[in-house]
Amino acid sequence: MPSTDRSALALRDLRRPLVLTRLGLVAERLWRAFWPVLSVLMVVLAALMLGLQDLLAVEIVWGAAVLSVLGLGAALVRGAMQFRWPSRAEALARLDETMPGRPIQALIDDQAIGNDDPASIAVWQAHQARMAARASKARAPQPDLRLAARDPFALRYVAALALAMGLIFGSILRVQSVSDMAPGGTAQAAAGPSWEGWIEPPRYTGLPTIYLADTEGDTLDIAEGARITLRFYGEVGALTLSETVSGRTEDLPSASAPSQDFIVTQPGRIAIDGPGGRAWQVALVDDADPQVDITGAPEAEAAGQMSLPFTASDDYGVIGGQATIALDLPAIERRHGLQIDPEPREPIVVTLPMPIAGDRRLFTESLIEDFSEHPFANLPVTFTLMVEDETGQTGETAAFSHVLPARRFFDPLAGAIIEQRRDLLWNRDNGPRIAQVLRAVSYRPEEIFRSDTAYLRLRVILRRLELFNEYGITDDQQAEIAQALWDLAIILEEGDLGDALERLRRAQERLSEAMKNGASDQEIAELMQELREATDDYMRQLSRQAQQDGQQGDQGQQMSENSMQMSQDDLQRMMDRIQELMEQGRMAEAEQALRELQQMMENMRVTQGQGQGQQSEGQQAMEGLAETLRDQQGLSDEAFRDLQEQFNPGANSGQSQQNQGSEGQGQGQGERHGQQGQGQGQQGQQPGQGQPDADALAERQRALRDELGRQQQNLPGAGTPEGDAVQRSLDRAGRAMDEAEDALREDDLAGAIDRQAEAMDALREGMRELGDQMAQQQQQGQPGQGNSEGDRQAQNRDPLGRDQGSNGSLATDDSLLQGEDVYRRAQELLDEIRRRSGEGERPDVELDYLRRLLERF
């Protein structure tokens, strides 16, 4: 194909991009020539929409109009002079500039030399073929609309901003007011009467203010309580107001007053009489009553905290509410202690939690409270929820009947104690019956009580209850006995939490009882978590003991060939399997697996090395305190037997052999404390005389107190925070012993038993703190051994203080809280924060802190 034909064909294919390029050039030149015209128009339109013509004098308005017309004309003339229609050649040049090698120009050019040389012609044709192929890919360039060089002060942006403000804060309808200024217009040179008015809805509605001049029609729908403000301009008396919506009858202002302000309280009519006046018929918008619904049955966690979900709504928002929980007498099974009529008791009234942030027109929340200690706990009740809006309107639910969820006690003895507490709070006339039941329960204490402390507490409660029954139980005495029974049930249910092994056993027993009694999934999950924590504590205790024995005993001691090693992961897998079986409803298999786990934990022992060296100072102090605790327990038992003998002489005669055993123990105590003569003399009395007299018991109590004081002087860790904590606990034990001695000398055996129980509790606390102190010292290394090992361990920890992985890896071998537990714990914390934030009686500083927590999370 000849080169001329090829060039023409290639240029014909460029028709579409060439047209687009030419249009782009037209847009560039129009924008560059006429942007001042557009800016002037935007400024004028913005001023008119903002209503500046209504605020300024007519002379100023006309002057501005003349300047605007002159500026607009000048801009049009300037633009017309600068604008030039782009030619086809300019469009081809612009398009050619966008491609490498300028192929369009190459297609237009002719061969200058070598027209007679076939080789030269062939090269030229090949070149044009390549340029034609390149030109076929041409794309129209985007127009260059930048005006920074032509508008260095960005006046076009100022005009656009003014127009945006006019659209947002003004009204396009105000533009027509310019016509009133023309000769023959409705307003006489802005000198006639004019007015303005606003409707401010009540704040709680959240509605915007309405400008009366912009309203259409002659009907207004207004919320009750809205404020209407009117301003009259011009000659006083030219405009007057008449209205029937405020209901005012006294202290009425003049109808022609320049300023009018009133509240809408009823439907009616508003009229502005005079030139340019208007009239409206006002109708009140109904404010619907708030609504609240209970969306689910209340549930309780294992610890007793109740959660009641509900949904509330209102057209303008709910401001508060409360829940009323009343006893549902017809639904109660009246038997045992519930046969008699209950004492009058006010319903429970609690404040409903409200969302701190967000929309209160429709929300869902949960009422979270703990009613475990309330007399209505675990009894049929009715829930009635009420909410209120800003105007004082209320809405409430129908009575919702359900058992009041509270803590459940899975220990049989603790459950029996709680049942008697319920009967006492039901009616104090149940006092004699409760005393009989408690006496029957404590008939054989060695078979049902795990600790003497719990048994002693029950006997003290029983004695005081029987005393109160003789003279009539007052309100304070009823509350005292109820609280004592609750504390006793907690002790029986939870056991001694300071002892890791005892805690583990209690967790296993509670879980087993829960499976038998058909506990809820949530309760079983929480009891399973308690079992995991107890197992972890027990394994840590075994590990500490193993480390102590390994350092003090024979380092080369090896485990027996028949011993079995278990890791924490093995125990975790077993507990996961138990939980999985329970979730599948296979309770028999789960209980069997739990028994196997319990047997395995019971069989775990830490082998003690033979030929241990000299005991450390801490171990000696621990053994001394343990012996003092045993002696105090024996002395308390003897005081209790004396108390029984006072109320029931001869009741202990059948236990003479057991008493003799305790007497022998008492003799040993007397010998250890330097009281051989008194102790043995009293223990040698005839069986009919029973226990030693109060003076002898007081002397033995004095000896125990002196021995404790001697031990306090030899405790390790003096001057450290841990050592001070041990000393404070032992000081409490010493004061309780002194008070017990005084009570024994005054022959107040009941008071002495109470003080001895306090002393034993303080001793146990001191022993626990001493054990923690020894474990901490063990981890830090023994004195005199240097800090090289501690430094090496410190260097091998990550920024969180955990041991890093082996072989220098960045990972850590310590596991963090994972899985569903972390989400469950987070939800519990969030629910607690919401519950506390809904309690209006809390300090403002605390409420503000809780609100900020909820807004953040």
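Got a sec to walk through the overall build of the chain? Specific residues and values, please.
Looking only at helices and strands, one finds 26 helices and 17 strands in the chain. Within the chain, contacts between residues separated by at least 24 positions form 71% of all contacts whose residues are at least 6 apart in sequence. Surface summary for the chain: the accessible area is close to 47800 Å², and the carbon and sulfur share equals 51%.

Can you explain the pairing of strand β13 (residues 348-351)? Please cite residues and give values.
Alternating positions in β13 separate cleanly, Ile-348 and Val-350 being buried on one face and Val-349 and Thr-351 remaining unburied on the opposite face. By the bridge criterion, four bridges tie strand β12 (residues 318-327) to β13 in an arrangement that is antiparallel. Within the sheet, the bridge partner assigned to Gln-322 lies in β13 and is Thr-351.

Can you break down the sheet that holds strand β3 (residues 219-223) residue by residue, with the values?
The strand order across the open sheet built from four strands is β3-β8-β7-β5, with neighbouring strands paired in mixed fashion. In this open sheet, the two edge strands, each paired with only one partner strand, are β3 and β5 (240-243). With direction set aside, neighbouring strand axes in the sheet form an average angle of 25°. Two strands pair when backbone bridges link them, and β5 and strand β7 (residues 268-273) are joined in this way by four bridges, in the antiparallel orientation. Each residue of the ladder has a partner; that of Thr-240, found in β7, is Asp-273.

A description of the sheet that holds strand β6 (residues 259-263) should follow, citing residues and the corresponding values.
With respect to topology, four strands assemble into an open sheet ordered β2-β1-β4-β6, the strand pairing being antiparallel. If you trace the sheet from one side to the other, it starts and ends with β2 (210-211) and β6, each paired once. As paired elements, strand β1 (residues 194-200) and β2 share two bridges and run antiparallel to each other. Bridge pairing in β2 links Ile-199 to Ile-210.

Outline a nonpolar patch on the surface, listing residues and values.
Taken together, Leu-161, Met-165, Leu-167, Ile-168 and Phe-169 make up a surface patch of nonpolar side chains, about 590 Å² in accessible area. Mapped onto the elements of the fold, Leu-167 is located in helix α8 (residues 155-169). Residue Leu-167 is classed as exposed on the basis of its relative accessible area of 59%.

Break down unusual backbone geometry for me, with residues and values.
In most cases, non-glycine residues show a negative phi, while peptide bonds are predominantly trans. Although it is not a glycine, His-336 adopts a positive phi angle of roughly 60°. With respect to the helices and strands, the residue His-336 is situated in the loop between β12 and β13. A positive phi angle, near 60°, is found at Asp-747, a position not held by glycine. Along the chain, Asp-747 turns up in the loop between α22 (721-745) and α23 (749-780).

Would you mind going over the nonpolar core in detail, with residue names and values included?
One finds Ile-417, Leu-438 and Leu-492 to be the most contacted residues of the largest nonpolar core, which totals 39 residues. Looking at this core, the elements that each hand over two or more residues are α9 (412-426), α10 (431-441), α12 (452-471), α13 (475-494), α18 (617-647), α21 (694-713), α22 and α23. No other element matches α12, which puts nine residues into this core. Look past the residues within four positions of Leu-438 in its chain and what remains in contact with it is Ile-417, Gln-420, Leu-458, Leu-462, Leu-465 and Leu-485. Counting residues in hydrophobic clusters, the runner-up holds 21 residues, among them Leu-308, Phe-310, Val-350 and Phe-376.

A description of the packing of aromatic side chains should follow, citing residues and the corresponding values.
The tally for this structure, following the rule as stated, stands at seven aromatic pairs. Taking 6.3 Å as the distance between ring centres and 75° as the angle between the ring planes, the aromatic pair formed by Phe-83 and Trp-85 counts as edge-to-face. Residue Phe-83 is classed as partly exposed on the basis of its relative accessible area, which comes to 22%. Trp-85 gets classed as exposed once you look at its relative accessible area, which sits at 55%. A cation over an aromatic ring shows up here: Arg-407 above the ring of Phe-409, its NZ or CZ 5.2 Å from the ring centre.

Lay out the pattern of salt bridges in plain terms, naming residues and giving numbers.
If you walk through the whole model with that rule in mind, you get 33 salt bridges. Residues Glu-28 and Arg-32 are paired through a salt bridge, measuring 4.0 Å at the closest nitrogen-oxygen approach. Of the two residues, Glu-28 and Arg-32 both sit in helix α2 (residues 15-49), four residues apart, roughly one turn of that helix. Overall, the relative accessible area of 3% leaves Glu-28 in the buried class. Here Glu-480 makes a salt bridge to Arg-464, at a shortest N to O gap of 2.9 Å. In this pair, Glu-480 sits in helix α13 while Arg-464 sits in helix α12, placing the two residues 16 residues apart along the sequence. What you see here is one network of salt bridges that share partners, running through Glu-699, Arg-702, Arg-705, Asp-706, Asp-738, Glu-741 and Arg-745.

I'd love a proper account of α9, names of residues and values included.
Between the first and last C-alpha of α9 there are 21 Å, a value that for 15 residues agrees with the 21 Å anticipated at 1.5 Å per step. Every buried residue belonging to α9 is among Leu-413, Ala-414, Ile-417, Ile-418, Gln-420, Arg-421, Asp-423, Leu-424, Leu-425 and Trp-426, and all of these are buried. Residues of α9 that are buried make contact with β12, α10, α11 (445-448), α12 and α13.

Now, about a negative patch on the surface: what can you tell me, with residues and values included?
Taken together, the side chains of Asp-695, Asp-742, Glu-746, Asp-747 and Asp-748 define an acidic patch exposed on the protein surface. Within the secondary structure layout, Asp-695 lies in helix α21.

Go over the packing of α2 against α8, please, and point to the residues and values.
One way to put it is that α2 packs onto α8 with a least axis distance of 8 Å and a crossing angle of 30°. As summarised for this structure, α2 and α8 are arranged roughly parallel, according to the angle between their axes. In terms of crossing hand, the pair formed by α2 and α8 is left-handed. Only Arg-156, Ala-159, Ala-160, Ala-162, Leu-163, Gly-166 and Leu-167 of α8 make contact with α2, whose side of the interface consists of Trp-31, Trp-35, Ser-39, Met-42, Val-43, Leu-45, Ala-46 and Met-49. A per-class count over the contact of α2 with α8 returns twelve nonpolar, two polar and one charged.

How would you sum up the packing of α10 against α12? Please name residues and give values.
Look at α10 against α12: their axes get within 10 Å of each other, and the N-to-C directions meet at 155°. As far as their axial angle goes, α12 and α10 are roughly antiparallel. The chirality of how α10 crosses α12 is left-handed. Residue-level contacts link Gly-431, Pro-432, Ile-434, Ala-435, Leu-438 and Arg-439 of α10 to Leu-458, Arg-459, Leu-462, Leu-465, Glu-466 and Asn-469 of α12. When the residues that make up the contact of α10 with α12 are grouped by side-chain class, the tally is seven nonpolar, two polar and three charged.

Can you lay out the side chain of Thr-628 for me, pointing to particular residues and giving the numbers?
For Thr-628, the location among the structural elements is in helix α18. At a separation of 3.0 Å, a polar atom in the side chain of Thr-628 contacts the side chain of Gln-711.

What counts as what
- Residues numbered from 1 in each chain as written.
- Predicted model: local features only at pLDDT ≥ 70, side-chain atom pairs only at ≥ 80, totals over all residues.
- Heavy atoms only, no water.
- Helix = DSSP H or I, 4+ residues; strand = E, 2+ residues; numbered from the N terminus.
- Contact = heavy atoms within 4.5 Å.
- Areas by Shrake-Rupley, 256 points an atom, 1.4 Å probe, with all protein chains shown as cover.
- Buried < 20%, exposed > 50% of the residue type's maximum accessible area, 1.4 Å probe, protein only.
- Pairing = 2+ DSSP bridges.
- Axes fitted to C-alpha atoms, helices over the stretch in contact; angles between N-to-C directions.
- Patch = residues over 30% accessible without salt bridge, like charges linked within 9 Å, V, L, I, M, F, W, Y side chains within 5 Å.
- Salt bridge = Lys/Arg side-chain N within 4 Å of Asp/Glu carboxyl O.
- Core = buried A, V, L, I, M, F, W, Y, C linked by side-chain atoms within 4.5 Å.
- Phe/Tyr/Trp six-rings, centres within 6.5 Å; stacked < 30°, edge-to-face > 60°.
- Lys NZ or Arg CZ within 6 Å of the ring centre and 35° of its normal.
- Expected span 1.5 Å × (residues − 1).
- Lys, Arg positive; Asp, Glu negative; His and termini not counted.
- Charge placed at Lys NZ, Arg CZ, Asp CG, Glu CD.
- Parallel < 35°, antiparallel > 145°, perpendicular 65-115°, else oblique.
- Left-handed = near helix turned anticlockwise from the far one by under 90°.
- Nonpolar A, V, L, I, M, F, W, Y, C, P; charged D, E, K, R; others polar.
- Polar contact = N/O pair within 3.5 Å; in protein donor to acceptor, adjacent residues only side chain to side chain.

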